[in-house]
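# Tertiary structure, described
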Amino acid sequence: VSTMNAKTSSEGEEDASGTRNDTLGESGYLGEAKRGQVIRVAYVIAALDLTFLFMQMGVMPYLAKSLGLDSMGFGYLQTIFGVLQLVGGYIFGRFADQFGARAALILSCASGSVFFLLMSLSTSIPLLFLSRLPGVFMHGIPGAQKVITDMTTPSQRAGALGKLGLCFGVAIIAGSALGGVLSTKLGIYVPTYVGLVGSLINTLIAMVWIPSQTKPKSDHCVTENSTLFSIREILRLMKFPGVMEVFIVKVFAGLPIGLFMIMFSIISMDFFGLEAVESGYLMSYFGVLQMVVQGLVVGKLASHCTEMTLLRLSVLVFAGVGLGMALMRTVWHYCIIAVPLVFAFSMLATITDSILTKAVPSSDTGAMLGICASVQPLTRTVGPTIGGVLYKQFGVSSFGYLQLMVNLGLFVYLLKSKVPLGEMKS
């Protein structure tokens, strides 16, 4: 203990409660300019990774149909990818903790290269299903989050993580547009070729520009159980003060809207009566909103308000969004609701990730980010079944009423319970 307390020159000082002072952060041994450069490189890698992913998402239904896969088979294909991402999220996070953020990003980009290579060779349905396997290690956003977490002080973290949403907005617009143009003009496999070359370039960028150590070696701790997947390790992380409470809010606050988004392709056709090109315009609108909210709003609020205040605000706005969704009748209503929806979704994701990475030891931030990254694949896995039942039995308004009730309950829970947000560091 005395040895750890003596390391104040590079790691920051700890007070009597074990909370690290917000002076140098985990990467205080690097210069400010160098850390800023590495963070910008992480943003570039994340933006490119998401762009290539959205390119293939737009092409995949047409590729599957051309190979003779029906709608039920396509659902199985999506479910397999969701399960692989769900299982791989935590494993990827543990890998990042044990081998470093640079190795994790290289693994993600290399897996993306294999993914696009197999897609480009998919001339039959079995090969198309085989191409999903590398998805278990394709986690570009958690990899970039790990780099940012290592490179920022706790007070800077929420704003820095929030800017990743800007990359998400750029990727939605660029990826959707490029995928449609390339597949229409040059052939259905061309976006996969572009994704393959781009993922290889991304791998080289990570190898050259991300340092092998993104935090001091003294912060790299090997836990008693060093396996890449362990239920015991997940339970250990959940026992840290505030982790279980915040994680429950993260999962349930966005679950109803996640179910709605999974069913959105059907809702846009049946309920809103949109054509394919109009749905594309709506996705681009979402991308622009994401860029504006993440680039101009989240970071500003994070620097002026406490994280608990912002967490309560996002849940309350989500409840209002639920009421709006229950009452909406046209696509124009949805375009209005999309503004607070994107705000609440972005704020909730950023603030909960920031809180949870501060609540666990620095040697476990990768595992915690991996657990957080598994929330969306979990929704994609169970969502088609639950969302289909809700839509068929109760209609579109059921998603809104569910959103309203769940988030009102969470808001009351956050008001009454004193969630400890003290920063626990090893």
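Here is what the cut-offs are and how they apply
Residues numbered from 1 in each chain as written. Predicted model: local features only at pLDDT ≥ 70, side-chain atom pairs only at ≥ 80, totals over all residues. Heavy atoms only, no water. UniProt positions renumbered as here; feature names shortened; annotations may be inferred. Core = buried A, V, L, I, M, F, W, Y, C linked by side-chain atoms within 4.5 Å. Buried < 20%, exposed > 50% of the residue type's maximum accessible area, 1.4 Å probe, protein only. Contact = heavy atoms within 4.5 Å. Salt bridge = Lys/Arg side-chain N within 4 Å of Asp/Glu carboxyl O. Helix = DSSP H or I, 4+ residues; strand = E, 2+ residues; numbered from the N terminus. Patch = residues over 30% accessible without salt bridge, like charges linked within 9 Å, V, L, I, M, F, W, Y side chains within 5 Å. Areas by Shrake-Rupley, 256 points an atom, 1.4 Å probe, with all protein chains shown as cover. 1 Å grid on protein atoms, 1.4 Å probe; cavity = no way out; pocket = protein on both sides within 12 Å on 5 of 7 lines; lining within 4 Å. Points joined across faces, edges and corners; volume = space filled by probe spheres on them. Nonpolar A, V, L, I, M, F, W, Y, C, P; charged D, E, K, R; others polar. Domains from an automatic or database assignment. Phe/Tyr/Trp six-rings, centres within 6.5 Å; stacked < 30°, edge-to-face > 60°. Expected span 1.5 Å × (residues − 1). Polar contact = N/O pair within 3.5 Å; in protein donor to acceptor, adjacent residues only side chain to side chain. Axes fitted to C-alpha atoms, helices over the stretch in contact; angles between N-to-C directions. Parallel < 35°, antiparallel > 145°, perpendicular 65-115°, else oblique. Left-handed = near helix turned anticlockwise from the far one by under 90°.

Going by what an unreviewed UniProt entry lists, the protein is known as Organic cation transporter-like protein 2 and is assigned to Lanius ludovicianus. Note on the protein: under the UniProt heading Subcellular location (unreviewed entry), the record states "Apical cell membrane". Under the UniProt heading Function (unreviewed entry), the entry covering the protein gives this text: "May act as a transporter of organic cations based on a proton efflux antiport mechanism. May play a role in the transport of chloroquine and quinidine-related compounds in kidney. Plays a role in the regulation of lipid metabolism."

### With respect to the nonpolar core
Across soluble globular proteins, nonpolar side chains have a tendency to be buried as a group. Counting 62 residues, the largest nonpolar core has Phe260, Tyr334 and Phe399 as the members making the most contacts within it. Beyond its immediate chain neighbours, meaning those up to four positions away, Tyr334 contacts Phe260, Met261, Phe264, Phe272, Leu282, Phe286, Met328 and Leu341. Formed by 23 residues, the second largest nonpolar core is a distinct cluster that contains Ala42, Ala101, Val147 and Met151.

### Describing the pattern of salt bridges
Under the defined criterion, the tally for this structure stands at five salt bridges. Here Asp364 and Arg236 are joined by a salt bridge, their closest N and O atoms 3.0 Å apart. Taken together, the residues span a long stretch of sequence, with Asp364 in the loop between α17 (331-359) and α18 (365-373) and Arg236 in helix α11 (residues 231-238) at a distance of 128 residues. Owing to a relative accessible area of 2%, Asp364 belongs among the buried residues under this scheme. Between Lys358 and Glu307 there is a salt bridge whose closest N-O contact spans 2.9 Å.

### Focus on a nonpolar patch on the surface
On the surface, Leu204, Met207, Val208 and Trp209 cluster together into a nonpolar patch covering about 430 Å² of accessible area. Structurally, Trp209 is set in helix α10 (residues 190-209).

### Some details on empty space enclosed by the protein
Enumeration over the complete set of coordinates arrives at two cavities of 30 Å³ or more. Volume-wise, the second largest cavity comes out at about 40 Å³. Broken down by class, the residue content of the lining of the second largest cavity amounts to four nonpolar, two polar and one charged.

### Let's talk about the environment of Thr203
One can find Thr203 in helix α10. You can call Thr203 buried: its relative accessible area is 11%. Along the primary structure Thr203 and Ser111 are separated by 92 residues, whereas in three dimensions their C-alpha atoms are 9.5 Å apart. If we ignore the near neighbours within four places in the chain, the residues touching Thr203 are Ile106, Cys109, Ala110 and Ser113.

### What about helix α13 (residues 255-262)?
What α13 keeps buried is the set Pro256, Ile257, Gly258, Leu259 and Phe260. Next to the buried residues of α13 lie α12 (243-253), α14 (264-270), α16 (307-327), α17, α19 (375-394) and α20 (397-416).

### Overview of the layout of surface pockets
By volume, the second largest pocket amounts to about 240 Å³. Lining the second largest pocket are 12 residues, and of these Leu86, Phe247, Ile371, Ser374 and Leu378 lie nearest its centre. At the level of secondary structure, the elements contributing two or more residues to the lining of the second largest pocket comprise α4 (71-99), α11, α12 and α19. With three residues, α4 is the single largest residue contributor to the lining of the second largest pocket. Tallied by class, residues from the lining of the second largest pocket come to 11 nonpolar, one polar and no charged. Domain assignment of the residues forming the lining of the second largest pocket places at least three in each of domain 1 (34-213) and domain 2 (231-420).

### Considering the packing of aromatic side chains
Think of a pair of aromatic rings as described by two things: how far the centres are apart, and how the planes are tilted against each other in angle. Here the structure, examined in full by the defined rule, presents 11 aromatic pairs. Ring geometry for Phe271 versus Phe272: centroids 5.2 Å apart, planes at 70 degrees, classification edge-to-face. According to the relative accessible area criterion, Phe272 is buried, its value standing at 12%. When the centroid spacing of 5.7 Å and the interplanar angle of 40 degrees are considered together, the rings of Phe286 and Tyr334 count as tilted.

### Quick look at helix α3 (residues 32-66)
With 35 residues, α3 ought to run about 51 Å at 1.5 Å a step, and its terminal C-alpha atoms sit 51 Å apart, in line with that. Of the residues one or two after α3, Gly68 is the one with positive phi, at around 90 degrees.

### Comments concerning the side chain of Thr357
Along the chain, Thr357 falls in helix α17. Of the polar contacts made by the side chain of Thr357, one reaches the side chain of Arg157; its length is 3.4 Å.

### Let's talk about the packing of helix α5 (residues 101-120) against helix α7 (residues 140-151)
Here α5 crosses α7 at 165 degrees, and the two axes come no closer than 9 Å. Considered as vectors, α5 and α7 are oriented roughly antiparallel to each other. Considering how the two elements wind past one another, α5 and α7 form a crossing that is left-handed. Taken together, the residues of α7 that come into contact with α5 (itself represented by Ala101, Leu105 and Ser108) are Gly140, Gly143, Ala144, Lys146, Val147 and Asp150. Of the residues contributing to the contact of α5 with α7, the split by class is four nonpolar, three polar and two charged.

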